[in-house]
Amino acid sequence: MEKIVIVEDDVFLRDELQNILEKEGYSVECISSFDTPLEDIVSASPSLILLDLNLPKLSGFDICRALKAKGIGPILVLTSRNQLRDELHALGLGADDYLTKPCHPKRLIARIQKLIHLYANMHVMLDAGDFQIDEMANILYVGKDSISLSENEGIIINALLKASPSVVKKEELFNLLWGSSDYVDENILQVNMTRLRKTLDGVGLSNRIKTIRGIGYQLIGGDIQ
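How each quantity is defined
Residues numbered from 1 in each chain as written. Predicted model: local features only at pLDDT ≥ 70, side-chain atom pairs only at ≥ 80, totals over all residues. Heavy atoms only, no water. Helix = DSSP H or I, 4+ residues; strand = E, 2+ residues; numbered from the N terminus. Expected span 1.5 Å × (residues − 1). Polar contact = N/O pair within 3.5 Å; in protein donor to acceptor, adjacent residues only side chain to side chain. Buried < 20%, exposed > 50% of the residue type's maximum accessible area, 1.4 Å probe, protein only. Pairing = 2+ DSSP bridges. Contact = heavy atoms within 4.5 Å. Axes fitted to C-alpha atoms, helices over the stretch in contact; angles between N-to-C directions. Core = buried A, V, L, I, M, F, W, Y, C linked by side-chain atoms within 4.5 Å. Disulfide = S-S within 2.5 Å. Left-handed = near helix turned anticlockwise from the far one by under 90°. Nonpolar A, V, L, I, M, F, W, Y, C, P; charged D, E, K, R; others polar. Parallel < 35°, antiparallel > 145°, perpendicular 65-115°, else oblique. Salt bridge = Lys/Arg side-chain N within 4 Å of Asp/Glu carboxyl O.

## Structural notes on helix 1 (residues 11–23)
- Relative to the 18 Å expected for 13 residues at 1.5 Å per residue, helix 1 spans 18 Å between its end C-alpha atoms, a close match to the ideal helical length.
- Of the residues flanking the start of helix 1, the one acting as N-cap is aspartate 10, its side-chain oxygen 3.0 Å from the backbone nitrogen of phenylalanine 12.
- Residue glycine 25 follows helix 1 closely and has a positive phi angle near 95°.

Here it is in structure tokens:
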């Protein structure tokens, strides 16, 4: 089931959008606190982000820029700002589509379906500076060399790279790898992390994963700030 993250500070509109999307069969997660919106969006692992522009603290433009720098998308902007310069600015920052409020639900659903289908059939390259990852194929590129990652290795390194420089909590990795943190032995996660570290060592990317004791893991070094 595709998950859509709604980034909207108007509680009434947020609830309405959630109701519309859930009736269409989507899993929906809403950002209701705007203290750490980027971290909250990344940890949700969305299939699509529905993004307002007029937000408290960090603007939708800033969120769009930061998400696209991490290779996260698609992003559909839904906003009351109907000026051409705002639309062009958002698209220039990497937004994949732009709709103005009020928007007919059928138009919104059609645009969402189109973007999710488009992204499901395209290769997304995540860039860490000194290495890149083909997110769909789980292939890691270092200079002219490449190596195929296992499914679990791909899930872990993608999560670490998208969240960098933030820490990815162990519970988030449990959910990404096995769908739940219930009844999962932490040793299994440690085994997977050891395998990934050995894979990275083999292509000259040693000591890139830092263990944050009791919390999770963090991607460090290279061009990660």
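There's plenty left to go through after this.
## Considerations on helix 6 (residues 151–163)
- Here helix 6 spans 18 Å end to end across 13 residues, near enough to the 18 Å set by a 1.5 Å rise per residue.
- With respect to burial, helix 6 is a largely interior element, 10 of its 13 residues being buried.
- Inspection of helix 6 places Glu153, Gly154, Ile156, Ile157, Asn158, Ala159, Leu160, Leu161, Lys162 and Ala163 among the buried residues, and these make up the whole buried set.

## Some words on the sheet that holds strand 10 (residues 168–169)
- The antiparallel open sheet is built from three strands, whose spatial order is 10-12-11. Two strands in the sheet have a free side with no partner beyond their single neighbour: strand 10 and strand 11 (209–212).
- Summarising the sheet, strand 11 and strand 12 (residues 216–219) pair through four bridges and their orientation is antiparallel. Bridging across to strand 12, isoleucine 209 finds its partner in leucine 219.
- Contacting strand 11 and strand 12, helix 8 (residues 186–202) runs over the sheet at an angle of about 155° to strand 11.

## Quick word on the nonpolar core
- Residues Val7 and Phe131 are the most contacted members of the largest nonpolar core, which totals 49 residues.
- When residues of this core are assigned to their parent elements, the largest contribution, six residues, is made by helix 6.
- Excluding residues that lie within four positions of it along the chain, phenylalanine 131 makes contacts with Leu126, Leu140, Tyr141, Val142, Ile157, Leu161, Leu205, Arg208 and Leu219.
- Of all hydrophobic cores here, the second largest spans 18 residues; its members include Ile20, Leu99, Leu108 and Ile112.

## Re the state of the cysteines
- Under the criterion given, the structure shown has zero disulfides.
- Residue cysteine 64 stays outside any disulfide, its sulfur separated by 18 Å from that of cysteine 103, the closest cysteine.
- Cysteine 103 carries a free sulfur, and the closest cysteine sulfur to it, the one in cysteine 30, is 17 Å from it.

## What about the packing of helix 1 against helix 5 (residues 105–120)?
- Between helix 1 and helix 5, the shortest axis-to-axis distance is 11 Å and the interhelical angle comes to 65°. For the element pair helix 1 and helix 5, the recorded crossing hand is right-handed. When helix 1 is examined against helix 5, the residues Leu17, Ile20 and Leu21 are found in contact with a partner set consisting of Pro105, Leu108, Ile109 and Ile112.
- Considered class by class, the residues forming the contact of helix 1 with helix 5 number seven nonpolar, no polar and no charged.

## Details of the packing of helix 6 against helix 7 (residues 170–178)
- Two numbers describe how helix 6 lies on helix 7: the axes approach to 10 Å, and their chain directions differ by 140°. On the basis of the axis angle, helix 6 is oblique to helix 7. Relative to helix 7, helix 6 is oriented so that their crossing is right-handed. Residue-level contacts link Asn152, Ile155, Ile156 and Ala159 of helix 6 to Leu173, Leu176, Leu177 and Trp178 of helix 7.
- Here the residues of the contact of helix 6 with helix 7 sort into seven nonpolar, one polar and no charged.

## Description of the sheet that holds strand 7 (residues 132–134)
- Spatial strand order, 6-7-8-9: four strands in an open sheet with antiparallel pairing. Each edge of the open sheet carries a strand with a single partner, namely strand 6 (125–127) and strand 9 (145–148). The average angle at which neighbouring strand axes cross in this sheet is 20°, direction not considered.
- Here strand 8 (residues 139–142) runs beside strand 9; their pairing, made up of four bridges, is antiparallel. In the sheet register, isoleucine 139 faces strand 9, and the bridge partner there is serine 148.
- Where helix 6 meets the sheet, its contacts fall on strand 6 and strand 7, and the angle it forms with strand 6 comes to roughly 55°.

## Section: the pattern of salt bridges
- Enumeration over the complete set of coordinates arrives at 11 salt bridges.
- Across the pair lysine 3 and glutamate 29 runs a salt bridge, and its minimum N-O distance is 3.4 Å. Taken as a pair, lysine 3 in strand 1 (residues 3–7) and glutamate 29 in strand 2 (residues 27–31) lie far apart in primary sequence, 26 residues in all.
- Looking at glutamate 29, the relative accessible area reads 30%, which means it is partly exposed.
- As a salt-bridge pair, lysine 170 and glutamate 186 come within 3.1 Å of each other at their nearest N and O atoms. Taken together, the residues lysine 170 in helix 7 and glutamate 186 in helix 8 connect sequence positions 16 residues apart.
- Glutamate 186 sits in the partly exposed class, given a relative accessible area of 32%.

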